[in-house]
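Observations on the model geometry
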Amino acid sequence: MTILQRKFNSVCVIGLGYIGLPTASFLGTKGYQVTGVDVSPSVVDTINQGKIHIVEPDLDILVKSAVNSGQLKASLEPVAADIFIIAVPTPFKDDHQPDLSYVETATKMIAPLIRPGNLVILESTSPVGTTDRVAELLAEAGHNTHDDIYVAHCPERVLPGRILIELVQNDRIVGGINAKSTEVAVEFYQAFVSGEVLGTSARTAELSKLTENAFRDVNIAFANELSMICEKEKIDTWELISLANRHPRVNILQPGPGVGGHCIAVDPWFIIARAGESARLIKTAREVNDAKPNWVLGKVQEKAQRFKNPTIACLGLAFKADVDDCRESPALDIVRRLIEQNIAEVIICEPNLQSHSEFELVSLEQAVSKADIILLLVDHKPFKVMTAAQLSDKVVIDTRGIIK
Ligand code: SAJ
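Residues numbered from 1 in each chain as written. Predicted model: local features only at pLDDT ≥ 70, side-chain atom pairs only at ≥ 80, totals over all residues. Heavy atoms only, no water.

On the secondary structure map, D325 appears in the loop between β9 (311–315) and α12 (330–341). Contacts of D325, omitting those with residues within four sequence positions, involve Y18, H262, A318 and F319. (Helix = DSSP H or I, 4+ residues; strand = E, 2+ residues; numbered from the N terminus. Contact = heavy atoms within 4.5 Å.)

Further remarks concern the nonpolar core. One finds I47, L119, F188 and Y189 to be the most contacted residues of the largest nonpolar core, which totals 44 residues. Residues in contact with L119, not counting those within four places in the same chain, are F8, D82, I83, F84, Y150, V184, A185 and F188. Residues L317, A331, L338 and I397 belong to the second largest nonpolar core, which totals 25 residues. (Core = buried A, V, L, I, M, F, W, Y, C linked by side-chain atoms within 4.5 Å. Buried < 20%, exposed > 50% of the residue type's maximum accessible area, 1.4 Å probe, protein only.)

A separate point is the site of the ligand. Residues in contact with the ligand amount to 20 residues; listed here are only the nearest, E156, V158, K209, R216 and Q254. In this structure, V158 approaches the ligand through a main-chain N or O atom, which is 2.7 Å from an oxygen atom. Separating an oxygen atom of the ligand from a side-chain N or O atom of K209 is a distance of 2.6 Å. A total of 770 Å² of accessible area belongs to the ligand in isolation, and the protein chains cover 88% of it. Looking at the shell around the ligand, the element that brings in the most residues is helix α8 (residues 202–233), giving 5 residues. When the residues that make up the shell around the ligand are grouped by side-chain class, the tally is 9 nonpolar, 3 polar and 8 charged. For the shell around the ligand, the domains that each give at least three residues are domain 1 (3–195) and domain 2 (210–398). (Near = heavy atom within 4 Å. Polar contact = N/O pair within 3.5 Å; in protein donor to acceptor, adjacent residues only side chain to side chain. Areas by Shrake-Rupley, 256 points an atom, 1.4 Å probe, with all protein chains shown as cover. Nonpolar A, V, L, I, M, F, W, Y, C, P; charged D, E, K, R; others polar. Domains from an automatic or database assignment.)

Looking now at unusual backbone geometry. The backbone of D322 shows a phi angle near 60°, a positive value even though the residue is not glycine. Within the element layout of this structure, D322 appears in the loop between β9 and α12. Classification of D322 by relative accessible area gives partly exposed; the value is 34%. Even without glycine at this site, N342 takes up a positive phi of about 55°. Its place among the elements puts N342 in the loop between α12 and β10 (345–349). Of the residues examined, N342 reaches a relative accessible area of 65% and is grouped as exposed.

Take the pairing of β9 next. Counting buried positions along β9 gives 5 out of 5 residues, so the element sits mostly inside the fold. Where β9 meets β10, 5 bridges bridge the pair, whose relative direction is parallel. Paired with I312 across the bridge in β10 is V346. What joins β9 to β10 is α12, and the crossover it makes is right-handed. (Pairing = 2+ DSSP bridges. Right-handed = clockwise from strand over helix to strand, strands pointing away.)

Another aspect to go through is the sheet that holds strand β4 (residues 83–86). One open sheet accounts for 8 strands, arranged β3-β2-β1-β4-β5-β6-β7-β8; its pairing is mixed. The sheet is open, and its two edges are formed by β3 (72–75) and β8 (197–201), each paired on a single side. Put simply, the sheet's adjacent strands are angled 25° from each other on average, direction ignored. The pairing of strand β5 (residues 119–122) with strand β6 (residues 150–153) spans 4 bridges and is parallel. Across the sheet, residue V120 finds its bridge partner in β6, namely V151. (Axes fitted to C-alpha atoms, helices over the stretch in contact; angles between N-to-C directions.)

Here it is, written out as structure tokens:
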């Protein structure tokens, strides 16, 4: 479809984080006039200078190009547009209940700007019923959500580290609050997604996204549970898993120090919050994964007892390999608690960060040379080249199974 034929030309994206910014800049480079909105003045300033505030491969180039061509502007306030995309956080509260306040605030903020014919898309991962709630708030603001405007959920499914590739290539699920909303939103995504765009209801789209992340969480919990069983049996977990995976219908994931990030460790709770006792397996998986950092700390304490004043080198702080993102990171949690326990001198290496607000960081060489105990927490590329022979005079606790 050419730009002139397009029904929609302007887009207002609310939230310029890991999803909103790639989406806004990508749409800018596809000829849409995009306004990206964020509550942080420093984020808005950074983007308007053509720079970025997060680390993601090639995002800097995309943002620079969209800003320099005048197709993307960042702002503290939303503006009128043909399409509104809500990409704000949906965290959970202390009791694991979903916190929808950002979605509600964003909806109320755009409500006065919406005109008949506009499309409102919720991209934030959301509990079942949230898109209906967005429509309800818009109806309360005086909009005719049956006929005049379109409201749909299109959950983001991109993997941090591969966002720009997956934004285009992944299949997308689009669920409207009614058939017309689904149809209009499907047409919008089809214009720039090379994967298939699959229409459904808003509620099914919501549960589908939560199901994908809960599926992965349950499977990682299985691997984490296996690693604890193997430890008791004195069997190498990674050898076991690679052997079991030779079965044509078995595909076990990898154990680690726990599950981090703001998606897989969060989204299953949105299912549990509504399903209660019906979500027993999903809840247990969350508990198994959340308990893994404790188990790792137990192993460290056990090994540290062998030394008088040990130095423990913690390798990795990020929530997963080859990213700098430490949010909800089990590695970070383990490091903090290890320091609190005061059983050793703790030194930290995170090759993807220049510095950290809480800890001094050391190079890999320094960490390895000083350490009595090496606690490997993240499977970053620079760590993967180390061999057991090189570390033969150290006690190694390898939570990711990468030291061969
Ligand atoms: N992990 C393991 N073992 C594994 C795989 C992962 O311990 O075998 C751990 C990682 O180290 C990390 C956590 O799980 O701590 C999550 O990492 P991830 O790479 O599995 O997923 P995320 O959180 O980066 O992105 C997920 C993706 N969802 C699925 O793969 C089903 C992504 O497609 C979603 O868009 C994203 O959540 C999201 O935004 O919801």
